[in-house]
Amino acid sequence: MLPDFIIYDELKRQREQRERQRHQRPQLDLELPLPYWPEREFDGPKDERDQPERGVEIIKI
């Protein structure tokens, strides 16, 4: 049976080799179009005293 330090050294070598290969992989950068966000509909002036600023905002997608 092999001594532990030889096994650990081999595992470390394999880990380092995988790490080097991971950095050598080619990458393809895609320029994706930005999502379209329609402008919010204007409902008119709101009285801020009656309705506090909290709750859920609904966005049309």
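Quick caveat: nothing in here was measured; it's all calculated off a predicted structure.

Visitor: What is the right way to read the overall build of the protein chain from this model?
Guide: For the protein chain, the helix and strand inventory stands at one helix and zero strands. For the protein chain, buried positions account for 2% of its 61 residues. For the protein chain, the exposed surface amounts to about 7500 Å²; the carbon and sulfur share of it is 53%.

Visitor: Would you mind going over the pattern of salt bridges with me for this structure?
Guide: Under the counting rule described, the total for this entry stands at one salt bridge. The closest approach of N and O atoms between R13 and E10, which form a salt bridge, is 2.4 Å. Taken as a pair, R13 and E10 lie in helix α1 (residues 4–24) at a separation of three residues, close to a single helical turn. A relative accessible area of 41% places R13 in the partly exposed class.

Visitor: Sorry, what's going on with a nonpolar patch on the surface here?
Guide: A contiguous nonpolar surface patch, about 600 Å² in accessible area, is contributed by L2, F5, I6, I7, Y8 and L11. Relative to the helices and strands, F5 resides in helix α1.

The rules we used
Residues numbered from 1 in each chain as written. Predicted model: local features only at pLDDT ≥ 70, side-chain atom pairs only at ≥ 80, totals over all residues. Heavy atoms only, no water. Helix = DSSP H or I, 4+ residues; strand = E, 2+ residues; numbered from the N terminus. Buried < 20%, exposed > 50% of the residue type's maximum accessible area, 1.4 Å probe, protein only. Areas by Shrake-Rupley, 256 points an atom, 1.4 Å probe, with all protein chains shown as cover. Salt bridge = Lys/Arg side-chain N within 4 Å of Asp/Glu carboxyl O. Patch = residues over 30% accessible without salt bridge, like charges linked within 9 Å, V, L, I, M, F, W, Y side chains within 5 Å.

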